[in-house]
Amino acid sequence: MESKKSPLFIVGITRSGTTISHDMVMQACPDAVDLTSDDDFECRNFWQAFGLTIGSRRTGTLCECATEDDIDSVSKEAIQHYVSSRHAQGGIITKNPHLLNKISYVANVLPDAKFILIVRDIMGVVASEKVGFNDAYQGDEDTPPYVHYWPDTKLPCWSYVKCDDKQHQLTKPNFLLTVKAMIKRVIVNLKNKSLNEPGKVLPHQKLSEFFQSHPDKTRYYPGDGFHRIPESWITLNLNAINQLKALDNSRWMTIVYNDLVDDTKGVVNKMLTFAGYDAPELCSLPTQLNKSSADKWRKNLSIEEQNTVRETIKNNHEDFAKICNTVGANMLAD
């Protein structure tokens, strides 16, 4: 009988390539399953059902950290029981960028879990996040309009805050998008219940209320907080690396996103070999991914914004160097 494979968690900053990485390894391993159903995107409702908060416009505002000290025996046993019942012959492979500030929690709840950290160059991530944040502010991503807030907390992660009045929003939400989002939430909740999966959607805190207790304008984007985006790249990656280095070396590895783009089959094979997974459909993967977006950041970031990224690196040169040394590559595409 085939030995039970360890759950594999793919983590990385939003816009760093976790989705395509997950897609590629799942394509290579058709017998593997995700942690929950397709209806619970990135298993956000699942984790929130056990007391964690996941950053998402779909599930709530905050993305608070969780460490091994936050584990309670009841939740631990329930998570382990669910993971064991979900296990398939091909194993469990899942991804969620908002587990970056919860790695030590997951690692202790599931002591056999393995982790792959995807790291993309700082310019590419900053440019892509800027576009995504602007889209959310226009109400184009899971309406209504949202701003992003970078907290001054332990193991921080971006929070999504709903624009709820004319003072704090540029555009009025499109009615059809609003209805579509409401229907989507109802369907997801119903399907989660029908599949007997844990699920929890948290209420969003309104910006007019949120700003009262978080008045630092330099922490909001759009707004005065563009420099927080490159700052978050350094902080999130460094936090993740520090948590991973506290684990046994056999439980984690890093992958440079550009390497995945350049040598897709080779890197996916490397990831799965590390995790102890078979890859019966590896031959079906492309040799390379589409490289057309590699220099997109030059158009999406102004010269001033590019200089802000470089200045952030300069002011945090030791932390940036630690990240580059850990992944074995220069993470500044220039």
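Structure's up top.
Residues numbered from 1 in each chain as written. Predicted model: local features only at pLDDT ≥ 70, side-chain atom pairs only at ≥ 80, totals over all residues. Heavy atoms only, no water.

A few words on the packing of helix α5 (residues 122-137) against helix α8 (residues 228-245). Look at α5 against α8: their axes get within 9 Å of each other, and the N-to-C directions meet at 125°. Judged by the angle between their axes, α5 and α8 are oblique. With respect to the hand of their crossing, α5 and α8 are arranged in right-handed fashion. Contacts from I122, V125, V126, E129, K130 and F133 of α5 reach α8 at I229, P230, S232, W233 and I234. Of the residues in the contact of α5 with α8, the class split is eight nonpolar, one polar and two charged. (Axes fitted to C-alpha atoms, helices over the stretch in contact; angles between N-to-C directions. Helix = DSSP H or I, 4+ residues; strand = E, 2+ residues; numbered from the N terminus. Parallel < 35°, antiparallel > 145°, perpendicular 65-115°, else oblique. Left-handed = near helix turned anticlockwise from the far one by under 90°. Contact = heavy atoms within 4.5 Å. Nonpolar A, V, L, I, M, F, W, Y, C, P; charged D, E, K, R; others polar.)

Let us look at the pairing of strand β7 (residues 252-256). For β7, the tally of buried residues reaches five of five residues, placing the bulk of the element in the interior. The side-chain alternation of β7 yields two buried faces, one formed by W252, T254 and V256 and the other by M253 and I255. By the bridge criterion, five bridges tie strand β3 (residues 114-119) to β7 in an arrangement that is parallel. Looking at the pairing, L117 lines up with T254 of β7. (Buried < 20%, exposed > 50% of the residue type's maximum accessible area, 1.4 Å probe, protein only. Pairing = 2+ DSSP bridges.)

Our focus in this paragraph is the side chain of R120. Locating R120 in the fold gives a position in the loop between β3 and α5. No salt bridge is formed by the buried R120; the nearest opposite charge belongs to D121, separated by 4.3 Å. If we ignore the near neighbours within four places in the chain, the residues touching R120 are R15, S16, V125, S128, W233, Y257, S293 and M331. (Lys, Arg positive; Asp, Glu negative; His and termini not counted. Salt bridge = Lys/Arg side-chain N within 4 Å of Asp/Glu carboxyl O.)

Moving on, we come to the packing of aromatic side chains. All chains considered together, the criterion is met by 14 aromatic pairs. Seen in terms of ring centroids, Y149 and F210 are 5.0 Å apart; in terms of plane orientation they differ by 80°. Their pairing is edge-to-face. Here Y149 is found in strand β4 (residues 146-149), whereas its partner F210 is found in helix α7 (residues 207-213), with 61 residues between them in sequence. An aromatic cluster is defined as three or more aromatic residues linked by ring pairs; in this entry it consists of F9, F46, W47, F50, Y82 and F115. (Phe/Tyr/Trp six-rings, centres within 6.5 Å; stacked < 30°, edge-to-face > 60°.)

An order of β5-β4-β6 is seen for the three strands of this open sheet, with the pairing classed as antiparallel. Two strands bound the open sheet, and with one partner strand each, they are β5 (159-162) and β6 (220-221). Note: β4 against β6, two bridges, orientation antiparallel. Pairing of Y149 across the sheet is with Y220, part of β6. Running over the sheet, α5 touches β4 and β6 and is turned about 135° from β4.

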